[in-house]
Amino acid sequence: MKPRIKLKNHRVATRVYKVNAGETQRLIGGSMNFPMTADHIVERHWMPLIAKSREVCANDGYAKEFLKMCRNNVVGAKGIELRANIKDTNGQSDGFANTALEQSFKAFSNKKHCDIQGRLSLRAIQNACITSAARDGEFFIRLITGTDLNPWGIALQVLDPVRCPIHYNEEKLPNGNYVKQGIEFNQLGRPVAYHFTHVGTDNIDYNLGGHSFVRIPAGEIIHGFLPDLLEQKRGLPWTATALMRLKMLSGMEDATLVNARASASKGGFLQWRADHGPIPDEDDGPYEQELEPNTFKELPPGLEFKDYNPHYPSGEAQSFSKRILQGIAASFGVTYNDLAKDLENVNFSSIRQGTLNDRDYWKELQTWLIEELMEPLYERWLYQALINEAITVFNKPLKFVRFDKYLGVDWQGRSWDWIDPRADTEAAIKSIDYRLKSVSQVIRERGDDPEKVFQEMAGDIKAMQAAGIPDHAIPYLIQNNKQGASHENPETLDR
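Residues numbered from 1 in each chain as written. Predicted model: local features only at pLDDT ≥ 70, side-chain atom pairs only at ≥ 80, totals over all residues. Heavy atoms only, no water.

Peer 1: Residues and numbers for a nonpolar patch on the surface, please.
Peer 2: Judged by side-chain polarity, Met-244, Met-248 and Phe-320 come together as a nonpolar surface patch covering roughly 320 Å² of accessible area. Residue placement: Phe-320 occurs in helix H7 (residues 315–332). (Patch = residues over 30% accessible without salt bridge, like charges linked within 9 Å, V, L, I, M, F, W, Y side chains within 5 Å. Areas by Shrake-Rupley, 256 points an atom, 1.4 Å probe, with all protein chains shown as cover. Salt bridge = Lys/Arg side-chain N within 4 Å of Asp/Glu carboxyl O. Helix = DSSP H or I, 4+ residues; strand = E, 2+ residues; numbered from the N terminus.)

See below:
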């Protein structure tokens with residue numbers, strides 16, 4: 001039998017370590033004490049969040065500015081462009097195939113081919129997707145195929161996320177699948193189809209609860225959203241955490257304007273002294289008198305003027321509004337100065353750091369949009385285009401057996417100019433000299449295609465040679481003086 005050991009002066013340590021936020025307290029009584037699943041959170045808050053987000057984005061200037069910032073920085077003026085990078089069997093760049101793919105995809109991007117209605121170019125569809133994701137939390141693109149659509153046999157249809165009903169759930173279908181939030185999944189949780197409400201009388205698959213639905217296979221739908229929780233099936237608006245502050249700021253501005261107008265009016269009250277005033281039985285009503293600038297009127301005996309001179313808004317109104325707007329900017333993930341267009345008291349170092357942080361955020365969203373939209377779109381477009389023999393080199397179509405090879409493409413998103421061109425240019429040159437970056441990498445960071453830049457450089461050299469400029473003078477004209485060439489005047493060089 002083992003001896004029993006009696007411990008003295010030892011307390012259980014589990015009560016020593018506690019998290020105050022986990023306790024129910026008066027100041028945080030409105031916080032949740034029980035976690036909810038992603039499905040429960042989305043189904044409970046999706047519709048009111050969408051409604052409020054759409055209203056705010058339509059009426060609030062700061063929300064509209066955020067949507068514009070998303071479009072300008074994620075998509076940009078040129079959109080996310082295809083950069084073919086196909087290699088031949090020797091590992092060299094297949095220039096003919098690259099040019100054919102880029103030109104064919106660019107032709108497809110025209111609105112008369114890309115959009116099923118012929119209204120939106122591919123760049124405009126990218127803008128619609130990023131706007132829908134920011135405002136509604138997600139986007140839906142339907143891929144429609146058919147030989148009579150265009151030479152490539154594929155076109156796009158932008159769908160409103162509201163058309164995919166969030167409260168449509170089926171625990172088990174006859175085929176063993178289940179429907180959750182309008183999306184049909186197999187037993188492994190992989191989407192196999194999407195269900196959309198249909199208001200027309202054509203293409204109706206079935207009716208349920210008085211609504212017409214059309215079932216679209218998952219292979220024909222591109223569904224993109226940024227998940228906030230594990231196992232999340234539908235997206236929530238990016239504006240969600242800023243909606244309350246936007247309403248508060250709007251109400252604050254309205255109240256401030258009303259108070260400012262009242263303060264500017266300089267009104268007042270007329271008060272009778274004791275034992276004075278009109279006879280109670282008279283029906284003349286209260287005594288009123290209109291004031292005009294720089295005029296003074298005599299009041300009846302016994303009547304006194306009490307001025308009303310509110311002093312609001314005062315200094316705290318501006319600081320309060322700025323603080324609220326800083327919280328809104330943080331909710332959006334952007335800097336306050338960029339959202340509010342407020343550059344007062346901003347120095348170069350602070351604005352540079354804020355701009356660099358913003359650019360990292362926009363690059364992340366660019367990568368997300370490429371992965372969610374452009375990569376699946378290109379793969380389906382390439383499949384249809386090769387089947388329809390729509391991509392040709394010297395009037396010969398590219399072969400479908402090289403489908404996997406032709407998937408090797410890159411995407412070029414919007415880039416930005418250097419904040420300090422001189423310092424950033426010198427840093428780029430040093431990075432190349434020290435072998436930290438290649439010339440192609442620096443060119444791509446500027447948003448250009450290295451192959452096109454090299455081709456233009458080669459064209460410049462040929463043009464100079466055709467113009468009669470000696471070969472030994474050309475380096476002086478196209479290179480930096482520190483990098484190469486003679487410092488002498490090319491006119492005095494020995495010919």
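Peer 1: Quick rundown of the sheet that holds strand S3 (residues 154–159)? Include the residues and the values.
Peer 2: Strand order in the open sheet made by the three strands is S3-S2-S9, with antiparallel pairing throughout. The sheet is open, and its two borders are formed by S3 and strand S9 (221–224), each paired with just one other strand. Taking each pair of neighbouring strands and ignoring which way they run, the sheet shows an average axis angle of 20°. The pairing of strand S2 (residues 139–145) with S3 spans six bridges and is classified as antiparallel. Bridging across to S3, Ile-141 finds its partner in Val-158. Against the sheet, helix H5 (residues 122–136) contacts S2 and S3, and its axis sits at roughly 145° relative to S2. (Pairing = 2+ DSSP bridges. Axes fitted to C-alpha atoms, helices over the stretch in contact; angles between N-to-C directions. Contact = heavy atoms within 4.5 Å.)

Peer 1: Before we move on, could you go through the pairing of strand S6 (residues 191–197) and cite the residues and values that matter?
Peer 2: Where strand S5 (residues 183–185) meets S6, three bridges bridge the pair, whose relative direction is antiparallel. Within S6, the residue paired with Ile-183 across the bridge is Tyr-194. Joining the antiparallel neighbours S5 and S6 is a turn of five residues, in which Gly-189 adopts a positive phi near 85°. Pairing geometry for S6 and strand S8 (residues 211–217), over five bridges, is antiparallel. When the bridges of S8 are listed, Thr-197 appears paired with Phe-213.

Peer 1: I'd like to hear about the packing of helix H1 (residues 38–59) against helix H2 (residues 61–75), residue by residue, with values.
Peer 2: Taken N-terminus to C-terminus, the directions of H1 and H2 make an angle of 95°; their axes are 5 Å apart at the nearest point. Looking at the two axes, H1 sits roughly perpendicular to H2. Contacts between H1 and H2 pair Val-56, Cys-57, Ala-58 and Asn-59 from the former with Gly-61, Ala-63, Lys-64 and Leu-67 from the latter. In terms of residue class, the contact of H1 with H2 is made up of five nonpolar, two polar and one charged. (Parallel < 35°, antiparallel > 145°, perpendicular 65-115°, else oblique. Nonpolar A, V, L, I, M, F, W, Y, C, P; charged D, E, K, R; others polar.)

Peer 1: Report on the confidence of the model for the chain, specifying residues and quantitative values.
Peer 2: Scored by pLDDT, the chain has a mean of 82; 79% of the residues are at 70 or more. When mean pLDDT is taken per element in the chain, H5 scores highest with 97 and strand S7 (residues 206–208) scores lowest with 66. Within the model, pLDDT remains below 50 along residues 10–17, and this stretch shows zero contacts once partners closer than five positions in the same chain are excluded. Per-residue pLDDT stays below 50 along residues 480–495; that stretch engages in 21 contacts with residues further than four places along the chain or on separate chains. (pLDDT = per-residue confidence, 0-100.)

Peer 1: Residue-level account of the packing of aromatic side chains, with values.
Peer 2: Counted according to the given criterion, the structure contains 20 aromatic pairs. Judged by centre distance (6.0 Å) and plane angle (80°), the ring pair of Phe-139 and Trp-368 falls under edge-to-face. Taken together, the residues span a long stretch of sequence, with Phe-139 in strand S2 and Trp-368 in helix H9 (residues 348–387) at a distance of 229 residues. Across the pair, exposure class does not vary: Phe-139 and Trp-368 are buried alike. Ring geometry for Tyr-383 against Phe-403: centres 6.2 Å apart, planes inclined by 90°, an arrangement best described as edge-to-face. Of the two residues, Tyr-383 sits in helix H9 while Phe-403 sits in helix H10 (residues 403–406), which places them 20 residues apart along the sequence. Taking relative accessible area as the criterion, Phe-403 reaches 13% and is therefore assigned buried. (Phe/Tyr/Trp six-rings, centres within 6.5 Å; stacked < 30°, edge-to-face > 60°. Buried < 20%, exposed > 50% of the residue type's maximum accessible area, 1.4 Å probe, protein only.)

Peer 1: For helix H13 (residues 450–466), give the residues involved together with the corresponding values.
Peer 2: For H13, built from 17 residues, the straight-helix expectation of 24 Å at 1.5 Å per residue is met to within 8% by its first-to-last C-alpha distance of 24 Å. Among the residues making up H13, those that are buried are Pro-450, Val-453 and Met-464. Buried residues of H13 fall within an arc of 65° about the axis and therefore sit on the same side. Seen from the buried face of H13, the exposed residues on the opposite side, beyond 90 degrees, are Gln-455, Lys-462 and Ala-466. (Expected span 1.5 Å × (residues − 1). Arc of directions from axis to C-beta.)

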